[in-house]
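# Residue-level structure breakdown
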Amino acid sequence: MITLAIFKPHCLKNPIAYETIQQMLTASGLKVIARKRIYLSRNEAEKFYEEHRNKFFFRRLVSLMTSGPSEVVLLSGNDAIQQWRNLMGPTKVLKSVYTHPQCIRSCFGLSDTRNATHGSDSEQSVMAERRFFFGDSDV
């Protein structure tokens, strides 16, 4: 099984956070099968996060995701979607600090928008997000 992960711009700007997350990823047993550094345009970010268009945080999220490079990664492993989501922890950073203090978002999230990482939430999301970032290639 595969999943898609994104390391958000503020995470890439912090070399210690980025390196520690890479170490956590390696220790988890998930394998990186593709990696791509990207710069999302406003239109691309709006398209990717379309499902959140009418939510209060949409503009803030688009602004974050266009503020610098992100890294998109395809991960492989047993139950990869759930394994990556467990490693990331809850979306809400304050909650993660109390309920999952060792997770990525607890350690490196700054706010609910600047929560360090993204992860696909279903096999359908993986397929759509993979196509969005990697096209129809066989990676």
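Residues numbered from 1 in each chain as written. Predicted model: local features only at pLDDT ≥ 70, side-chain atom pairs only at ≥ 80, totals over all residues. Heavy atoms only, no water.

## Quick notes on the pattern of salt bridges
Pairs can form between side chains of opposite charge once their charged atoms are near each other. Under the convention used in this document: Should a side-chain nitrogen of Lys or Arg be within 4 Å of a carboxyl oxygen of Asp or Glu, the pair is scored as a salt bridge. Helix and strand definitions here come from DSSP, where helices need a minimum of 4 consecutive H or I residues and strands a minimum of 2 consecutive E residues; each element is numbered from the N-terminal end. Burial classes: relative accessible area under 20% of the type maximum marks a residue as buried, over 50% as exposed, and values in between as partly exposed (1.4 Å probe, protein chains only).
Under the defined criterion, the tally for this structure stands at four salt bridges. Glu 71 is the partner of Arg 35 in a salt bridge, and the nearest nitrogen-oxygen pair spans 2.6 Å. With Arg 35 in strand E2 (residues 31-38) and Glu 71 in strand E3 (residues 70-76), the pair connects residues that are 36 residues apart, well separated along the chain. Residue Arg 35 is classed as partly exposed on the basis of its relative accessible area of 40%. Several salt bridges share partner residues, and in doing so they unite Arg 35, Arg 37 and Glu 71 into one network.

## What to know about the side chain of Arg 105
Basically, it comes down to this: In protein, a polar contact requires one atom able to donate a hydrogen and another able to accept it; more generally it is a pair of N or O atoms within 3.5 Å, and residues adjacent in sequence count only if both atoms are side-chain atoms. By definition, residues are in contact when any of their heavy atoms lie within 4.5 Å.
Counting through the fold element by element, Arg 105 comes out in helix H7 (residues 104-108). Here the side chain of Arg 105 touches Gly 89 through a polar contact of 3.0 Å, landing on its backbone oxygen. Excluding its chain neighbours within four sequence positions, the residues that come into contact with Arg 105 are Met 88, Gly 89, Pro 90, Thr 91, Val 93, Ser 96, Asn 115, Thr 117 and His 118.

## Section: the UniProt feature "binding site: ATP" (unreviewed entry) in the protein
We count it as follows: UniProt positions are given in the numbering used here, feature names are shortened, and annotations may be inferred rather than shown by experiment. Only protein atoms enter the 1 Å grid used here. Points where a 1.4 Å probe fits but cannot escape make up a cavity, open sets with protein on both sides within 12 Å along at least five of seven lines make up a pocket, and a residue lines them when an atom lies within 4 Å of a point.
The feature "binding site: ATP" (unreviewed entry), as annotated in UniProt, sits at Lys 8, Phe 57, Arg 85, Thr 91, Arg 105 and Asn 115 in this numbering. Considered against the largest pocket, the annotated residues that line it turn out to be Lys 8, Phe 57, Arg 85, Thr 91, Arg 105 and Asn 115. With respect to the element layout, Phe 57 can be found in the loop between helix H3 (42-48) and helix H4 (58-65). Among residues more than four places away in sequence, those in contact with Phe 57 are His 52 and Thr 113. Here Asn 115 shows up in the loop between H7 and strand E4 (117-119). The contact partners of Asn 115, leaving out residues within four places of it in the chain, are Lys 8, His 10, Thr 91, Val 93, Arg 105 and Gly 109. In terms of polar contacts, Asn 115 uses its side chain to reach the side chain of Lys 8, at 2.7 Å.

## Re H4
Rules: Arc definition: directions from the helix axis to the C-beta atoms.
If you check which residues of H4 are buried, you get Phe 58, Leu 61, Val 62, Leu 64 and Met 65. Down the axis of H4, the buried side of the element spans an arc of 160 degrees, and every buried residue falls inside it. Of the surrounding secondary structure, the elements contacted by the buried residues of H4 are strand E1 (2-7), helix H1 (9-12), H3 and E3.

## Let's talk about the sheet that holds E4
Note the cut-off: DSSP calls a pair of strands paired once it identifies at least 2 bridges connecting them. Simply put, an axis is a line fit to the C-alpha atoms, just over the touching stretch for a helix, and the angle between two N-to-C directions goes from 0 to 180 degrees.
Here we have four strands laid out as an open sheet, ordered E2-E3-E1-E4, and antiparallel in their pairing. Every other strand in the sheet has two partners, leaving E2 and E4 as the edge strands with one partner each. Taken over all neighbouring pairs, the strand axes of this sheet differ in orientation by 20 degrees on average, direction set aside. Examined bridge by bridge, E2 and E3 share seven bridges and lie antiparallel to one another. Within the sheet, the bridge partner assigned to Ile 38 lies in E3 and is Ser 70.

## What to know about helix H8 (residues 123-134)
Condition: Expected helix span is taken as 1.5 Å per residue step, with the number of steps being one fewer than the number of residues.
Here H8 is twelve residues long and its end C-alpha atoms lie 16 Å apart, about the 16 Å a rise of 1.5 Å per residue gives. The complete set of buried residues in H8 reads Ser 125, Val 126, Glu 129, Phe 133 and Phe 134. Considered in projection along H8, the buried side chains sweep an arc of 120 degrees and stay on one side of the axis. Opposite the packed face of H8, turned more than 90 degrees from it, sit the exposed residues Gln 124 and Met 127. Contacts made by the buried residues of H8 are with E1, E2, H3, E3, helix H5 (80-88) and E4. Where H8 terminates, the next one or two residues include Gly 135, which has phi positive at roughly 65 degrees.

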